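# Observations on the three-dimensional arrangement
Below, each chain spelled out in residue letters.
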Amino acid sequence: MSFDPAQALRLAHDTLDIEAAAVLGLKRRLGDDFARAVALMLDVAGRVVVMGMGKSGHVGRKIAATLASTGTPAMFVHPAEASHGDLGMIKAVDVVLAISNSGESDELAAIVPLVKRLGAPLVAMTGQPRSTLARHADVVLDSGVEKEACPLNLAPTASTTAQLALGDALAVALLDARGFKAEDFARSHPGGALGRRLLTRVSDIMRSGDAVPQVPPEADFSRLMHEMTRKGLGASAIADADGRALGIFTDGDLRRLVETGRDLRALTAREVMHAAPRTIADDALAAEAAEAMEKFRVNVLLVTDADDRLVGALNANDLMRAKVI
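Predicted, not measured: the structure shown is a model, and the values here were computed from it. Positions within a chain are numbered from 1, following the residues in the order the chain's sequence is written. Predicted model: local features are reported for residues with pLDDT of at least 70 only, side-chain atom pairs are reported and counted for 80 or more only, and whole-chain, interface and lining totals are derived from all residues. Only hydrogens and water are set aside when side-chain values are computed; all heavy atoms of the structure are taken into account.

A few words on the nonpolar core. Throughout this description, the term nonpolar core refers to a set of buried Ala, Val, Leu, Ile, Met, Phe, Trp, Tyr and Cys residues connected via side-chain atoms within 4.5 Å. A 1.4 Å probe rolled over the protein chains alone gives each residue an accessible area, and that area as a share of the maximum for its type sets the label: buried under 20%, exposed over 50%, partly exposed in between. Counting residues in each nonpolar core, the largest one holds 26 residues, and the members touching the most others are Leu97, Leu141 and Leu170. Elements that contribute at least two residues to this core include exactly α2 (32-42), β1 (48-52), α3 (54-69), β2 (74-76), β3 (95-100), β4 (122-126), β5 (139-142) and α7 (158-177). Here a strand is any run of E in DSSP of at least two residues, a helix any run of H or I of at least four, and the numbering for each starts at the N terminus. Per-element accounting of this core gives the leading share, 5 residues, to α7. Residues are treated as being in contact if the distance between any of their heavy atoms lies within 4.5 Å. Excluding residues that lie within four positions of it along the chain, Leu141 makes contacts with Asp33, Phe34, Ala37, Val123, Ala124, Met125, Thr126, Leu166 and Leu170. With 20 residues, the next largest nonpolar core counts Met51, Val77, Ile90 and Ile111 among its residues.

Before going further, it helps to spend a moment on the pairing of strand β9 (residues 245-250). We treat two strands as partners when DSSP finds at least two bridges between them. Across 5 bridges, the pairing between strand β8 (residues 235-239) and β9 is antiparallel. Its bridge partner lying in β9, Ile238 is registered against Gly247. Counting the residues that bridge the hairpin from β8 to β9 gives 5 residues, and of these Gly243 lies at a positive phi of roughly 85°. The pairing of β9 with strand β10 (residues 274-275) spans 2 bridges and is antiparallel. Paired with Gly247 across the strands is Ala275, a residue of β10.

The next thing to look at is the pattern of salt bridges. Opposite charge on two side chains permits them to pair, given that their charged atoms come into close proximity. Here, a salt bridge means any Lys or Arg side-chain nitrogen found within 4 Å of an Asp or Glu carboxyl oxygen. Enumeration over the complete set of coordinates arrives at 14 salt bridges. The salt bridge involving Lys62 is made with Asp168; its shortest N-O contact spans 2.8 Å. With a gap of 106 residues between them, Lys62 in helix α3 and Asp168 in helix α7 connect regions that are remote in the sequence. Relative accessible area serves as the criterion here: at 34%, Lys62 is assigned to the partly exposed category.

The structure is reproduced here in structure tokens:
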């Protein structure tokens with residue numbers, strides 16, 4: 001066994017060229033059948049049941065997962081297991097998407113008549129539009145390719161890429177028809193980075209109650225410093241008796257004030273604060289808080305409620321702990 005780096009690179013280029021051509025070739029064959037398949041899946045009262053053997057089965061699992069995460073109820077059922085009891089998972093209200101490049105898979109052929117007897121619509125994704133599977137199907141999606149990327153033209157390569165791309169096309173068409181939005185995607189991915197960005201609210205991570213550093217405008221400088229040190233936010237709000245934020249004083253403001261050489265003990269919070277501080281609503285997305293900090297180049301935001309009263313505060317560290325940034 002010998003390894004030729006130049007040969008490996010050439011085969012890699014050939015593989016990508018062949019698979020890219022296979023995907024582009026699907027465009028020429030998309031038509032009414034694709035639209036019918038989307039309509040069936042869009043109107044399904046049950047679930048889209050995806051089936052496939054071997055490599056087509058692996059692709060089918062991914063297609064089912066993509067459909068489910070983009071608003072179309074879906075699951076994968078293994079054809080061999082279906083013959084031994086799992087067929088009971090399929091109901092007349094479902095739509096079956098059967099995937100087979102040859103369209104002659106024995107395992108699928110054994111259960112297709114039973115699926116038809118149930119009354120569930122059958123969508124076939126196959127590279128052979130005249131195959132047994134295609135003849136039994138209500139809708140046929142042609143996923144055929146001219147050749148596999150495998151030099152022996154045997155291992156499923158371009159054909160599985162085409163199946164995967166066609167499955168993605170179905171999912172994208174369906175999510176658009178359903179009006180599926182980023183927020184919907186986040187709800188099905190609450191543990192992911194997108195879920196955190198789109199589901200986490202400022203109120204979920206802000207400091208509230210006694211954890212919010214704040215002093216009245218007439219407070220002396222010593223009290224202001226004590227409040228900032230005790231709460232550890234890196235800033236303190238200056239709020240009036242009604243709880244409205246009049247201003248803010250930060251660690252950066254302190255450093256700049258020290259450089260002036262003024263007698264700090266004689267100053268009040270009103271004299272040193274920045275009036276009209278940057279605020280964010282408590283029901284805003286935490287991602288919006290991160291964007292505001294970046295836009296205005298601040299590390300602390302005061303949080304207000306619908307009545308513009310101070311209800312919380314947060315800094316960049318709070319956002320990082322929540323993995324929003």
